[in-house]
Amino acid sequence: MGSIPNDDIDILAKAKRALDRDYAPSDDEEYMSGQQLNYFRVLLLEWKKSILSAAEGTLQLLQDGPIREPDLNDRASSETDWGIELRTRDRQRKLIAKIDSALRRIDEGEYGWCEVTGEPIGINRLIARPIATMTVEAQQAHERREKISRDD
């Protein structure tokens, strides 16, 4: 299965800390009840807000001016760091699109259901990966097919 980059895990953890501590979805309640859907909506919105806040910080640093290191090695190191930072922000930009898609699925009553099999994705998987669109089994099968076609 695809792994979640550490920055995304940190930002998701920050979003979870902003949630109401009095409620956590569980398997003991009706699947995708109004309370569960509200929990995931707030989690997704907090996650998006955290990503946008981090991106704003990067943008501010970029606007503060270019890095002018006198030493070529220092300059190369700084440019490499900026390249990594910009790639991270690009990955997070794509993540925002997935968050928006998950919010749309909540609004349309499709959130929490596998787009391939129609089965419940599962509370634990959604807590770990709120933008999941497939069950673990469907995701694994998708990745196996993807790997086979890539190898051909």
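Reading the values: the criteria
- Residues numbered from 1 in each chain as written.
- Predicted model: local features only at pLDDT ≥ 70, side-chain atom pairs only at ≥ 80, totals over all residues.
- Heavy atoms only, no water.
- Helix = DSSP H or I, 4+ residues; strand = E, 2+ residues; numbered from the N terminus.
- Contact = heavy atoms within 4.5 Å.
- Areas by Shrake-Rupley, 256 points an atom, 1.4 Å probe, with all protein chains shown as cover.
- Phe/Tyr/Trp six-rings, centres within 6.5 Å; stacked < 30°, edge-to-face > 60°.
- Buried < 20%, exposed > 50% of the residue type's maximum accessible area, 1.4 Å probe, protein only.
- Core = buried A, V, L, I, M, F, W, Y, C linked by side-chain atoms within 4.5 Å.
- Salt bridge = Lys/Arg side-chain N within 4 Å of Asp/Glu carboxyl O.

Trainee: I would appreciate a short explanation of the overall build of the protein in the present structure.
Mentor: A count of helical and extended segments in the protein gives five helices and zero strands. Ordered by position from the N terminus, the helices and strands of the protein form the series α-α-α-α-α. Expressed as a percentage of contacts within the protein between residues at least 6 apart in sequence, the contacts between residues at least 24 apart total 64%. Surface summary for the protein: the accessible area is close to 9800 Å², and the carbon and sulfur share equals 50%.

Trainee: Please clarify how the packing of aromatic side chains should be interpreted in this entry.
Mentor: Remark: the centre distance and the inter-plane angle together describe each pair of aromatic rings, the angle taken between the planes. If you walk through the whole model with that rule in mind, you get four aromatic pairs. Seen in terms of ring centroids, Tyr-23 and Tyr-39 are 5.9 Å apart; in terms of plane orientation they differ by 70°. Their pairing is edge-to-face. A residue pair is termed long-range when its members are at least 10 positions apart, and Tyr-23 in the loop between helix H1 (6-17) and helix H2 (34-63) and Tyr-39 in helix H2 qualify at 16 residues. This pair shows no difference in class: Tyr-23 is buried, exactly as Tyr-39 is. Ring geometry for Tyr-39 and Phe-40: centres 5.2 Å apart, planes at 85°, overall edge-to-face. Residue class for Tyr-39 comes out buried when judged on its relative accessible area of 12%. What links up through ring pairs into an aromatic cluster is the set Tyr-23, Tyr-39, Phe-40 and Tyr-111.

Trainee: Would you mind showing me how to read the nonpolar core here?
Mentor: One broad trend across soluble globular proteins is that nonpolar side chains are buried collectively. Grouped together as the largest cluster of nonpolar side chains are 28 residues, with contacts concentrated most on Phe-40, Leu-44, Trp-47, Ile-99 and Tyr-111. Contributing elements (two or more residues each) for this core: H1, H2, helix H3 (72-108) and helix H4 (123-128). In terms of residue count, the dominant contributor to this core is H2 (seven residues). Residues within four places of Ile-99 in sequence aside, it is in contact with Leu-44, Trp-47, Lys-48, Ile-51 and Ile-131.

Trainee: I would appreciate a short explanation of the pattern of salt bridges in the present structure.
Mentor: Pairing of side chains with opposite charge becomes possible as their charged atoms draw close. Within the structure shown, the criterion is met by seven salt bridges. Here Glu-46 and Lys-49 are joined by a salt bridge, their closest N and O atoms 3.5 Å apart. Here Glu-46 and its partner Lys-49 are both found in helix H2, three residues apart, which amounts to about one turn of the helix. Lys-49 gets classed as exposed once you look at its relative accessible area, which sits at 51%. When the shortest N-O distance is used, the salt bridge between Asp-90 and Lys-94 registers 3.6 Å. One end of the pair, Asp-90, and the other, Lys-94, are both in helix H3, four residues apart, so they sit about a helical turn from each other.

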